[in-house]
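A closer look at the structure
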Amino acid sequence: MDSSVHGSVSDHHYLRSFFDKMNQMRKGEVLCDVVLTTENGRSKLYAHRSVLAASSSYFYNLYTGTYLSRYSRETVIGGITDDILSIILDYIYSSKILLDQGNVEAILYAAFQLGLESLGQLCEKFLLRKLCVENCIKMTTLARLYSLETLQSEGQRLIINNFLKIKNSGEFFQLSSKELAQIVSDDDLNVRNEEQVYNAIRAWVSYDVSSRQPEFENLLSHVRLPYINRKFLLGTIDKDSLVTSSSASRELVAEALSFKMASHRDKKLFHNERTKRR
């Protein structure tokens, strides 16, 4: 007997027509059992709870849990504008969305808030196509915020490879100390010498010295001081007010000088992040 007679088949045309019909019903307010509004919005957007719950973990928990929203006709969505919420609803009912540089961040935020993983992945793919040296810091920060692993990895790679191009940009000075430490500690950081790394962190601290000075000694610990020119180490770094005012920073300079004076055999005793060449 031909096994294909009893085989399972999928009717994609039926699925498409089904969702087209559901979308028509939504727009015509047919059998809609929930109205979505935003906190400061003017629009009322009609929808079906079952469709929303099937598409979004946020709506599923909202409409199947013990929240009052389970029984309320109206659901208020915070942090999202009318326009973005309307775009999101169109996506939920059609799987289609038009992303551009003007709306992608707002849509990504909405996707993250509403638990729309597939939409978040579409936003990530769009942002990956737009990723470049000029925006890699912003993109990497955005990726970290929304747990976009591929975008974060690719953005970090661009930062590491183009450090000398981005270290004077406005976005560089907006990095958190944790983000900057992650960059300057990377073994593959593309610099000609460690003086460039030191100058970069010094400039970052000087951008807002009153609040950033406490971060300096940690950042300095990621600079490969033993490989800095002795003249620069003693004439510039050792005399830097940020170094002289910090016992931990002075110890780092002393360690670098000891490494320089040690014999080749004794250098092996200095085994830490700072004694590895990039």
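Residues numbered from 1 in each chain as written. Predicted model: local features only at pLDDT ≥ 70, side-chain atom pairs only at ≥ 80, totals over all residues. Heavy atoms only, no water.

Comments concerning the layout of surface pockets
Rolled over the atoms, a probe sized like a water molecule indicates the empty space that remains. Test applied: Buried and open spaces are told apart on a 1 Å grid over the protein atoms alone, a cavity being a set of points where a 1.4 Å probe fits but cannot get out and a pocket being an open set with protein on both sides within 12 Å along at least five of seven lines. Residues with an atom within 4 Å of a point are the lining residues. Grid points are joined across faces, edges and corners, and a volume is the space filled by probe spheres set on the points. The helix and strand labels rest on DSSP assignments: H or I over at least four residues marks a helix, E over at least two residues marks a strand, and numbering proceeds from the N terminus. When residues are grouped by polarity, Ala, Val, Leu, Ile, Met, Phe, Trp, Tyr, Cys and Pro land in nonpolar, Asp, Glu, Lys and Arg in charged, and all others, Gly among them, in polar.
If you add up the space inside the largest pocket, you get close to 180 Å³. In terms of lining, the largest pocket is formed by 13 residues, of which the most central are Phe112, Leu116, Glu117, Gly120 and Tyr146. Elements with a contribution of two residues or more to the lining of the largest pocket: α5 (104-114) and α6 (117-130). No other element matches α6, which puts four residues into the lining of the largest pocket. Taken together, the residues of the lining of the largest pocket sort by class into six nonpolar, five polar and two charged.

Here's the deal with the pattern of salt bridges
We count it as follows: We define a salt bridge as a contact between a side-chain nitrogen of Lys or Arg and a carboxyl oxygen of Asp or Glu at a distance within 4 Å. Only protein chains enter the accessibility calculation, which uses a 1.4 Å probe; a residue whose area is less than 20% of its type maximum is buried, one above 50% is exposed, and one in between is partly exposed.
The final tally for this structure, using the stated rule, is 11 salt bridges. We note a salt bridge from Arg224 to Asp187, for which the minimum N-O separation is 2.8 Å. Here the residue Arg224 occupies a position in the loop between α13 (216-220) and α14 (230-237), and Asp187 occupies one in the loop between α10 (177-184) and α11 (194-207), the gap between them amounting to 37 residues. The class for Arg224 is buried, based on a relative accessible area of 0%. On the basis of relative accessible area, Asp187 is assigned to the partly exposed category, the value being 32%. Shared partners join several salt bridges into a network, and the residues in it are Asp187, Arg224 and Lys276.

Observations regarding unusual backbone geometry
Backbone geometry places Leu31, a non-glycine residue, at a positive phi of 60 degrees. Secondary-structure assignment places Leu31 in the loop between α1 (12-27) and β1 (34-38). Of note, the phi angle at Ser95 is positive, near 70 degrees, even though the residue is not glycine. Note that Ser95 resides in the loop between α4 (82-94) and α5.

Brief notes about α4
The condition that has to hold: Any helix carries an expected span of 1.5 Å times its number of residues minus one.
With 13 residues, α4 should cover 18 Å at 1.5 Å per step; its first-to-last C-alpha distance of 18 Å lies within 8% of that length. Buried within α4 are the following residues: Asp82, Ile84, Leu85, Ile88, Leu89, Tyr91, Ile92, Tyr93 and Ser94. Residue Ser95 follows α4 closely and has a positive phi angle near 70 degrees.

Description of helix α16 (residues 247-261)
The test is simple: Note on contacts: a residue pair qualifies if any of its non-hydrogen atoms lie within 4.5 Å across the two residues.
Here α16 contains 15 residues, and its C-alpha end-to-end distance of 21 Å stays within 8% of the 21 Å for a straight helix at 1.5 Å per residue. Ser249, Leu252, Val253, Glu255, Ala256, Leu257 and Phe259 are the residues of α16 that are buried. Residues of α16 that are buried in the fold lie against α13, α14, α15 (241-244) and α17 (264-267).

What to know about empty space enclosed by the protein
As enumerated under the stated definition, the model contains one cavity of 30 Å³ or more in all. Quantified by volume, the largest cavity comes out at close to 40 Å³. As for the largest cavity, its lining consists of Ile137, Thr140, Thr141, Arg144, Gln156, Ile159, Leu175, Glu179 and Ile183. Going through the elements one at a time, α7 (136-145), α8 (149-161) and α10 are the ones with two or more residues in the lining of the largest cavity. The element best represented in the lining of the largest cavity is α7, accounting for four residues. Tallied by class, residues from the lining of the largest cavity come to four nonpolar, three polar and two charged.

Thoughts on a nonpolar patch on the surface
Stated precisely, the cut-off is as follows: Residues qualify for a patch when their relative accessible area is over 30% and they have no salt bridge, like charges being joined within 9 Å and the nonpolar side chains of Val, Leu, Ile, Met, Phe, Trp and Tyr within 5 Å. For the accessible areas, the method is Shrake-Rupley and the probe is 1.4 Å, while residue cover comes only from the protein chains on display.
On the surface, a cluster of nonpolar side chains totalling about 380 Å² of accessible area is made up of Tyr14, Leu15, Phe18 and Phe19. One can find Leu15 in helix α1.

What about the packing of aromatic side chains?
What counts, and what does not: Any two rings among Phe, Tyr and Trp, with Trp reduced to its six-membered ring, count as a pair given centres within 6.5 Å; such a pair is stacked if its planes are under 30 degrees apart, edge-to-face if over 60, and tilted if neither. Look at NZ for Lys and CZ for Arg. If either is within 6 Å of the ring centre and within 35 degrees of the ring normal, a charge sits over the ring.
As enumerated under the stated definition, the model contains 10 aromatic pairs in all. Centroid distance Tyr14 to Phe18: 6.1 Å. Interplanar angle 35 degrees. Geometry classified as tilted. Note that Tyr14 and Phe18 are positioned in helix α1 at a spacing of four residues, about one turn of the helix. Seen in terms of ring centroids, Tyr58 and Phe59 are 5.3 Å apart; in terms of plane orientation they differ by 75 degrees. Their pairing is edge-to-face. Here the aromatic cluster, defined as three or more aromatic residues joined through ring pairs, consists of Phe163, Phe172, Phe173 and Tyr207. We note Arg26 situated over the ring of Tyr93; from NZ or CZ to the ring centre the distance is 5.0 Å. Its guanidinium or amino end placed over the ring of Tyr63, Arg49 lies 5.0 Å from that ring's centre, counting from NZ or CZ.

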